[in-house]
Amino acid sequence: MIDKILSEADDIDWGNTDSVCNFYESQYLFFNNYKNLKDIEDIIEIVHIKARYIESLIDRKHYTKALEIVVHIDFLLEQIKGKTDEYPKLEMENLFHNGLLNSRLKNHKTALYMFQRLVIIDKDNDLYQNWLSHTKLDVRAKYLNIVSYTGLAIVFGSIICRLAFNFEFNRTLQLSGYILMLIGWLTPLIIKYFEGKNKE
């Protein structure tokens, strides 16, 4: 069966999203039985096919579905770890797909972990460094949004309570609301300024 699948794979236009997806999904049962693969060369070939399928799913913005295939490849890579020179390159490709997909799905902490691992493996890779920097900004922005919206809630809560119920918030609480808003809004600008200075 696998020889037939690999033979058909030779005729696929791997640069064509529809062609790749149609091929993979027409053999879905076979590719979902990946845990039965034993031969190292067969595993490598299937990993390559699954990686191209992931890229096609990314083109279609089917990120959750693509992430499921990343898990398939994780399992297959464990079977060939330390047994082939192909392993490091395949591992890095899957880590990158993992990070990219989690970033698209707003799972920024997981994405950050993946890009940190990639930078440890290849610290001179500009693509990995850029993704790591952007993901750090995403993680930071998420927490700063929580801070600024908390401050905003306190400030508006204070105004509404004063106007609607003639009730005044504690002045310290009101002040903390303004401070939280300023921290949430100004911190990204300050960080961006100093990062620009470091690049000069």
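Further up the page is the structure itself.
Note that the structure is a prediction, hence the values are computed from the model and not measured. (Residues numbered from 1 in each chain as written. Predicted model: local features only at pLDDT ≥ 70, side-chain atom pairs only at ≥ 80, totals over all residues. Heavy atoms only, no water.)

Focus on helix 1 (residues 2–9)
Right, so step 1: Among the residues making up helix 1, those that are buried are Ile 2, Ile 5, Leu 6 and Ala 9. Viewed end-on, helix 1 has its buried residues packed into an arc of 95 degrees, placing them on one side of the element.
Right, so step 2: Residues of helix 1 that are buried make contact with helix 2 (17–26), helix 3 (28–32) and helix 4 (40–59). (Buried < 20%, exposed > 50% of the residue type's maximum accessible area, 1.4 Å probe, protein only. Helix = DSSP H or I, 4+ residues; strand = E, 2+ residues; numbered from the N terminus. Arc of directions from axis to C-beta. Contact = heavy atoms within 4.5 Å.)

Focus: the side chain of Thr 135
Right, so step 1: Along the chain, Thr 135 falls in helix 8 (residues 126–165).
Right, so step 2: Thr 135 sits in the buried class, given a relative accessible area of 0%.
Right, so step 3: A distance of 2.6 Å separates a polar atom in the side chain of Thr 135 from the backbone oxygen of Trp 131.
Right, so step 4: Residues in contact with Thr 135, not counting those within four places in the same chain, are His 108, Ala 111, Leu 112 and Phe 115. (Polar contact = N/O pair within 3.5 Å; in protein donor to acceptor, adjacent residues only side chain to side chain.)

Focus on a negative patch on the surface
Right, so step 1: A cluster of acidic residues, Asp 10, Asp 11, Asp 39, Glu 41 and Glu 45, forms a negative patch on the protein surface.
Right, so step 2: Among the secondary structure elements, Asp 10 is positioned in the loop between helix 1 and helix 2. (Patch = residues over 30% accessible without salt bridge, like charges linked within 9 Å, V, L, I, M, F, W, Y side chains within 5 Å. Areas by Shrake-Rupley, 256 points an atom, 1.4 Å probe, with all protein chains shown as cover. Salt bridge = Lys/Arg side-chain N within 4 Å of Asp/Glu carboxyl O. Lys, Arg positive; Asp, Glu negative; His and termini not counted. Charge placed at Lys NZ, Arg CZ, Asp CG, Glu CD.)

Notes on the side chain of Ser 56
Right, so step 1: Along the chain, Ser 56 turns up in helix 4.
Right, so step 2: Relative accessible area serves as the criterion here: at 3%, Ser 56 is assigned to the buried category.

Brief notes about the packing of helix 4 against helix 6 (residues 87–104)
Right, so step 1: One can describe the packing of helix 4 onto helix 6 by two numbers: an axis separation of 11 Å at closest approach and a directional angle of 25 degrees. Our classification of the angle between helix 4 and helix 6 gives roughly parallel. Of the two possible hands of crossing, helix 4 and helix 6 adopt the one that is left-handed. Along its contact with helix 4, which presents Ile 44, Val 47, His 48, Ala 51, Arg 52, Ile 54, Glu 55 and Ile 58, the element helix 6 presents Leu 90, Glu 93, Asn 94, His 97, Leu 100 and Leu 101.
Right, so step 2: Class assignment for the residues of the contact of helix 4 with helix 6 results in eight nonpolar, three polar and three charged. (Axes fitted to C-alpha atoms, helices over the stretch in contact; angles between N-to-C directions. Parallel < 35°, antiparallel > 145°, perpendicular 65-115°, else oblique. Left-handed = near helix turned anticlockwise from the far one by under 90°. Nonpolar A, V, L, I, M, F, W, Y, C, P; charged D, E, K, R; others polar.)

Considering the packing of aromatic side chains
Right, so step 1: In the structure shown here, the tally under the stated rule is eleven aromatic pairs.
Right, so step 2: With a centroid separation of 4.3 Å and an interplanar angle of 10 degrees, the aromatic rings of Tyr 24 and Phe 31 are classed as stacked. Neither Tyr 24 nor Phe 31 differs from the other in exposure class; each is buried.
Right, so step 3: An angle of 25 degrees between the planes, with centres 5.3 Å apart, marks the rings of Phe 115 and Trp 131 as stacked. (Phe/Tyr/Trp six-rings, centres within 6.5 Å; stacked < 30°, edge-to-face > 60°.)

Some details on the nonpolar core
Right, so step 1: Ranked by size, the top nonpolar core spans 49 residues in total, and within it Phe 31, Ile 46, Ile 49, Ile 54 and Leu 101 carry the most contacts.
Right, so step 2: Examining the composition of this core, we find that ten residues originate from one element, helix 4, more than from any other. (Core = buried A, V, L, I, M, F, W, Y, C linked by side-chain atoms within 4.5 Å.)

Brief notes about the packing of helix 4 against helix 5 (residues 63–80)
Right, so step 1: Running from N to C, helix 4 and helix 5 cross one another at 165 degrees; their axes reach a closest spacing of 9 Å. Classified by the angle between their axes, helix 4 and helix 5 sit roughly antiparallel to one another. The two elements helix 4 and helix 5 cross, and the hand of that crossing is left-handed. Within the contact between the two elements, helix 4 uses Ile 40, Ile 43, Ile 44, Ile 46, Val 47, Lys 50, Ala 51, Tyr 53, Ile 54, Leu 57 and Ile 58 and helix 5 uses Tyr 63, Lys 65, Ala 66, Ile 69, Val 70, His 72, Ile 73, Leu 76, Leu 77, Gln 79 and Ile 80.

Let's talk about unusual backbone geometry
Right, so step 1: Positive phi, normally seen in glycine, also occurs at Lys 61, with a value near 65 degrees.
Right, so step 2: By secondary structure assignment, the location of Lys 61 is in the loop between helix 4 and helix 5.
Right, so step 3: Phi is positive for Lys 106, close to 65 degrees, though the residue is something other than glycine.
Right, so step 4: With respect to the helices and strands, Lys 106 occurs in the loop between helix 6 and helix 7 (108–121).

Things to note about the pattern of salt bridges
Pairing between side chains of opposite charge can happen when the charged atoms of each approach one another.
Right, so step 1: Under the counting rule described, the total for this entry stands at seven salt bridges.
Right, so step 2: Among the ionic pairs, Arg 52 bridges to Glu 55, the shortest N-O distance being 2.9 Å. Highlighted residues: Arg 52 and Glu 55, both in helix 4, separated by three residues, approximately one helical turn.
Right, so step 3: Relative accessible area serves as the criterion here: at 31%, Glu 55 is assigned to the partly exposed category.
Right, so step 4: Through salt bridges with shared partners, one network takes in Arg 52, Glu 55 and Glu 93.

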